[in-house]
Amino acid sequence: MKTHHRALLMFTVLPLVHAVAQAQTEIRPETLVELEDAVLPVGWSKGTNATAGLGYATVTTGISPVASSSDQTVAPLTLTLKSDHMATYHVWVRYFAPNGASDSFWAAVGSAAYSDRYTTNYTTPQWVKIGTAVVDAGGTASIKLKYRETNLQFDKVLVTALPSFTPTGAGTVPTASSAMPANPYTNTPDVLPTGPHPRLFLGNSTDRASILESRRLAYLPANVGKTEFDRLRDSWDTLNTAAHSAIPATPTDLKTQCPAYATAIQAKALYYQLDGDSTLAKEAVTMMRTYMDACGFELDGNGKRVPMSARPAGDMITLSALVYDWCTPYVSEADTQLYLRRFLELAPMEIGFPPERQGHLVGHGSEHQLMRDQLSAGIAFYEKEPRIYEIAGAKFFRDFVPARRDYLYKSGAFHQGPSYGQARFTSDMFAAWIFRRMAGVDVFGDKGKDVLYHAIHMRRPDGQLMRDGDTFDGVYTPHGWYWFQPTPYMLAASYFRDPYLQAEYARQVAVQGKGADNLWRVLFSDLSVPAGTKSLPWTTFYGEPAGYMVARTGAPVTKVDLASNTVVATMKVGHTNFANHQHLDAGHFQLYYKGGLAIDSGIYEGKIGTQDSGYGSPHDKNYHKRTIAHNAMLVFQPGEKFADTPANDGGQRFILHEPKSLQELDTWSEPYHYGGNIRHRIGPDTKQPAFSYLTGNLHDAYTDKVANYQRSFVFLNLNRTDVPAALVVFDRIRSSQPTYRKSWLLHSVGEPIVNEAAKTITIERRDQGYNGKLVNRTLLPAQVQYKKYGQAGEEYLVPNTDGTAMVNYPVAVKYERNSEEAGPWRMEVSPSAPQESDLMLNVMQVMDANGTAVPVPVDLLQSAQFVGARVANRVVLFGKGETSVGTGASFLLLAEPADVLIADLQPGTWQVKKNGVLQAGSYVVGADDGTIYLQAQGAGAYELVLVKPAL
């Protein structure tokens, strides 16, 4: 704030002016008002400044400067803004300060408090934005100017709904052209809009023929009863009816009438393109004009009309672009300018226009805002206003394309988990289809479809998905239903012509029903691609940036079967943590067998009391996203702070900043890299493996309270009916202080049963038709302590900062019909004696809860270099030290033949001796796995010899 340093040599005492009703000047959007022509209150006067070239309104007599906006006797100059449509209006004032004694004023717009404005420019008039006001159609807002110093000259007021417009000079009425922002990008988009309209979504005659062929197939009698054909036929019927019905009455209900009205606009524009009936095009254009005003708002939580948020604003932009592109001959210049103006009003959404407020890796900026909505407008309006595409297209090709093509798709898993992964991959597919249909270009390549296969591999036999990151599917999907997000599968199945994805689309759309995606179904559901099957591997590995593995004892499921004998395990080292919907869960594992047994705890969208809770809620920040809600490792350091939260769970670093670019992943002050030195092996059969191994170093996921930490997983398909699988988890961890308590976590839906003498934890699922049981045995440390949480009032307990108290962060399900798996029960297993370095070895087995199955024998194996377990006829060995094991390694088997997996070996060529006798063959250990798998022929002393280290 400017401070005035001048003495007041004379005080003028003015009489108190009582507030009286005064006439006010009305101002409409996109107009200029000369303030000397406005209705001036008592105490104001008008004048002319020939030198500055302006007429003005001013206050010439009074206390100057006024100390407070409420401490003055002259009424404000007030104008009334009268809105013609719902928008956020930006108010500008042009004024002239003749000298340092007359260079400040007060201003208020709408319900906002007065704020002061200063200048040190005493030579030229200038524009200043004094505020914004959200005003509904037909509504009003006040614009108030109060003098602070006498003789300041107020020239003009301008009101505009165009956020990027900045008046200059004497001021002009804003137009779409004059309000277009400058292009901050130096690159030219790789692909430019070419050819005649239509080019948005419809493309050339070949594309149109494909759409019509799918329509023909949908109506063939032989295809009636096939879900994907039935749903497409439903969509054609809906659009056909809407296209050939009279123009509906102006919509007045946002939730029912506005969607139906939008469908009718889409339908009329589509059928004009397909059948050439110009009447339909004209009706679409007429309706678009009505729709923009009648439905150009949304309702807040109290039912109040407010400007549209990003997603409905984007829908409006895309619809107007579609109408313009498909009905171009019948769109008037006035309508064109209306579309362009509304684009500029709505385009900032959250991402901004130019789209620089959000990043392109995570968050809402990675959704439709640019990849569908701004691109659609840029392509449709290219001849009329090329700068839209020059901005959106440049950003897309510079940042969005390489991020996905070269990094985000690299692992084959979506980095925000399958729930948000499927949703956001839909945006990627819209962008891919836009350029395929417009120019025949595949902007992302073909790696992207692997993202959907990741979700397919995460499918549990109960129809749900193994959790990873924020998961919203269970909020609204009842138990026993096949979780569904069919749109990305439809888009990808047709784009990649993939029969398996087509079949998965059919399965999901059968659950969804008719849905609301009629236009997209008609445009992109290519049913000349047959639904099909193929053999999928039981275990899949996802490298950088995911660092993840999904292992199964059977192929991915295609239906809900609570009695299925398939076991599903997820094992996560984690590589890059992108924040946003990702959790602090490096090292997390899950196990499913006839129910979720070792689970991911907490609820993303629920209720806290009577209030809806979700992203950023106390439960979300202090528990759900934190390490403590996962089957991972805690290292409790008293006093450790986790961002702005009061909870000290002892877990992994809390990243608040969402990376906006690939460059930030490497340069931001808080490292995003959580897991390193990731190695894996799947074998011996890579399609139906007996073992699935994953290991990595998690030191970087924690602060310096952890000096070193490696977690290793081995999932064993035991190929038995009684105990079908086991999961071995080995931790080699060293804290920076011996007093920092380490806790191995295991979460469950039901209360676990602890047998301290046997060092076992048993978890059962006998609810909701499930019949699974997990038995975990802790082999190391030799002495452990158990803590159990989950009683009523203790479901989501987390220590406070110094650990002196436990605080519960409760949450409840949002809807009665749901398939949430909140899992209030938590076991913490800790070494009894605190020390810097610990080895922790746990073996989990699964079996039926109802039945006679008992765990298979499990034995601890140790030698100078190795520690591990024998599980039935399988042996798993890990290196004890923090470095890989070299030559001279040995171990002892005391029982019958076994299949042995030996991990943590130096790369190179190895040979094996048994009882001093060299065995036939050699083993090549690679740097990406560090393992030997051998079939040991019975008891004996085994020695491993490194005969040729890798270069």
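What counts and what doesn't
- Residues numbered from 1 in each chain as written.
- Predicted model: local features only at pLDDT ≥ 70, side-chain atom pairs only at ≥ 80, totals over all residues.
- Heavy atoms only, no water.
- UniProt positions renumbered as here; feature names shortened; annotations may be inferred.
- Helix = DSSP H or I, 4+ residues; strand = E, 2+ residues; numbered from the N terminus.
- Buried < 20%, exposed > 50% of the residue type's maximum accessible area, 1.4 Å probe, protein only.
- Contact = heavy atoms within 4.5 Å.
- Areas by Shrake-Rupley, 256 points an atom, 1.4 Å probe, with all protein chains shown as cover.
- Lys, Arg positive; Asp, Glu negative; His and termini not counted.
- Charge placed at Lys NZ, Arg CZ, Asp CG, Glu CD.
- Pairing = 2+ DSSP bridges.
- Axes fitted to C-alpha atoms, helices over the stretch in contact; angles between N-to-C directions.
- Phe/Tyr/Trp six-rings, centres within 6.5 Å; stacked < 30°, edge-to-face > 60°.
- Lys NZ or Arg CZ within 6 Å of the ring centre and 35° of its normal.
- Core = buried A, V, L, I, M, F, W, Y, C linked by side-chain atoms within 4.5 Å.
- Domains from an automatic or database assignment.
- Buried area = accessible area lost by both parts, 1.4 Å probe.
- Salt bridge = Lys/Arg side-chain N within 4 Å of Asp/Glu carboxyl O.
- Polar contact = N/O pair within 3.5 Å; in protein donor to acceptor, adjacent residues only side chain to side chain.
- Nonpolar A, V, L, I, M, F, W, Y, C, P; charged D, E, K, R; others polar.

As recorded by UniProt, the Subcellular location (unreviewed entry) comment attached to the chain reads in full: "Cell envelope".

A tally of regular secondary structure across the chain gives 17 helices and 45 strands. Judged by the C-alpha coordinates and their principal axes, the chain covers about 110 × 80 × 55 Å. Counting across all 951 residues of the chain, residues that qualify as buried make up 60%. Considering only residue pairs separated by 6 or more positions, the chain has 71% of its internal contacts joining residues 24 or more positions apart. Working note: accessible area of the chain is about 35300 Å², and carbon and sulfur atoms make up 52% of it. Side-chain charges of the chain comprise 87 positive and 93 negative groups, with the mean position of each set lying 2 Å from the other.

As summarised here, the arrangement of the five strands in space is 36-37-38-40-44, forming an open sheet in which the pairing is mixed. Bordering the open sheet on either side are strand 36 (858-862) and strand 44 (932-936), each of which pairs with just one other strand. Strand-to-strand twist of the sheet, defined as the mean angle between neighbouring strand axes without regard to direction, takes the value 20°.

Across all of its chains, the model carries 37 aromatic pairs by this definition. For the ring pair Tyr 542 and Tyr 548, a centre distance of 6.5 Å and an interplane angle of 50° mean the geometry is tilted. Accessibility classification places Tyr 542 together with Tyr 548 in one group, the buried group. Ring pairing ties together the aromatic residues Phe 201, Phe 430, Trp 433, Tyr 495, Phe 496, Trp 520 and Phe 524, which thus form one cluster. The ring centre of Trp 433 lies 5.7 Å from the NZ or CZ of Arg 436, which sits over that ring. Taking the ring centre of Phe 642 as reference, the NZ or CZ of Arg 626 above it sits at 4.5 Å.

Across soluble globular proteins, you tend to see nonpolar side chains buried next to one another. One finds Phe 201, Leu 270, Tyr 291, Trp 326, Phe 396, Phe 435 and Leu 523 to be the most contacted residues of the largest nonpolar core, which totals 119 residues. If you tally residues by element for this core, the top one is helix 4 (residues 257-275), at eleven residues. Of the domains in this structure, domain 1 (25-174) and domain 2 (245-401) are the two that each give at least three residues to this core. When neighbours within four sequence positions are excluded, Trp 326 is seen to be in contact with Pro 198, Leu 200, Phe 201, Leu 202, Gln 266, Ala 269, Leu 270, Tyr 272, Gln 273, Leu 519 and Leu 523. Leu 361, Tyr 740, Trp 744 and Val 784 belong to the second largest nonpolar core, which has 54 residues in total.

On to the sheet that holds strand 26 (residues 741-748). Overall, antiparallel pairing links the four strands, which are arranged 21-26-34-30 in an open sheet. Each of the sheet's edge strands pairs with one partner strand only, and the pair in question is strand 21 (633-636) and strand 30 (784-789). Neighbour-to-neighbour, the strand axes of this sheet turn through a mean angle of 25°, independent of strand direction. Across four bridges, the pairing between strand 21 and strand 26 is antiparallel. Following the sheet pairing, Val 635 is matched in strand 26 by Lys 742.

Turning next to unusual backbone geometry. That bond from Ser 64 to Pro 65 is cis: its omega, 0°, falls within 30 degrees of zero. Relative to the assigned elements, Pro 65 resides in the loop between strand 4 (54-59) and strand 5 (77-82). The linkage connecting Phe 353 with the following residue, Pro 354, adopts the cis geometry, with an omega of 0°. Residue position: Pro 354 is located in the loop between helix 7 (333-346) and helix 8 (368-380). Unusually for a residue other than glycine, Asn 151 sits at a positive phi of about 70°.

Most of helix 11 (residues 450-457) sits inside the fold, with seven of its eight residues counted as buried. Of all the positions in helix 11, only Val 451, Leu 452, Tyr 453, His 454, Ala 455, Ile 456 and His 457 are classed as buried. Buried positions along helix 11 lie against helix 10 (417-439), helix 13 (486-496), helix 14 (499-512), strand 14 (539-542) and strand 15 (548-552).

What follows covers the pairing of strand 16 (residues 568-572). Burial of strand 16 is extensive: five of the five residues sit out of reach of the surface. Here strand 16 shows no split at all, with Val 568, Thr 570 and Lys 572 on one side and Ala 569 and Met 571 on the other all buried. In this structure, strand 15 lies alongside strand 16, joined through five bridges in antiparallel fashion. Among the inter-strand pairings, Ala 551 is bridged to a residue of strand 16, identified as Ala 569.

Attention shifts here to the domain arrangement of the chain. Once the domains are mapped, the chain shows domain 1 (25-174), domain 2 (245-401), domain 3 (567-853) and domain 4 (857-950). Domain 3 and domain 4 are separated by 29 Å when their C-alpha centres are compared. In this assembly, 27 residues from domain 3 lie in contact with 26 residues from domain 4. When residues of domain 3 are sorted by the area they lose upon contact with domain 4, Arg 679, Arg 681 and Arg 732 head the list and together hold 24% of the total. In this structure, the salt-bridge partner of Arg 732 is Asp 904, at a minimum N-O distance of 3.4 Å. At the boundary of domain 3 and domain 4, one finds twelve residue pairs in polar contact (both at pLDDT 80 or more). For the side of domain 3 that touches domain 4, the elements supplying multiple residues, two or more each, are strand 22 (676-683), strand 23 (691-697), strand 24 (706-717), strand 25 (725-735), strand 29 (772-780) and strand 35 (837-848). Among the elements that take part in the side of domain 3 that touches domain 4, strand 24 stands out by supplying six residues, more than any other. The class makeup of the residues in the side of domain 3 that touches domain 4 is 15 nonpolar, six polar and six charged.

Moving on: the environment of Gln 416. For Gln 416, the location among the structural elements is in the loop between helix 9 (387-408) and helix 10. When the C-alpha positions of Gln 416 and Ile 603 are compared, they lie 16 Å apart, and in sequence the two are 187 residues distant. With near-sequence residues (within four places) excluded, Gln 416 lies in contact with Val 362, Gly 421, Arg 424, Asp 468, Phe 578, Ala 579, Asn 580, His 581 and Gln 582. Engagement of the side chain of Gln 416 in a polar contact is seen with the backbone oxygen of Ala 579, the distance being 3.3 Å.

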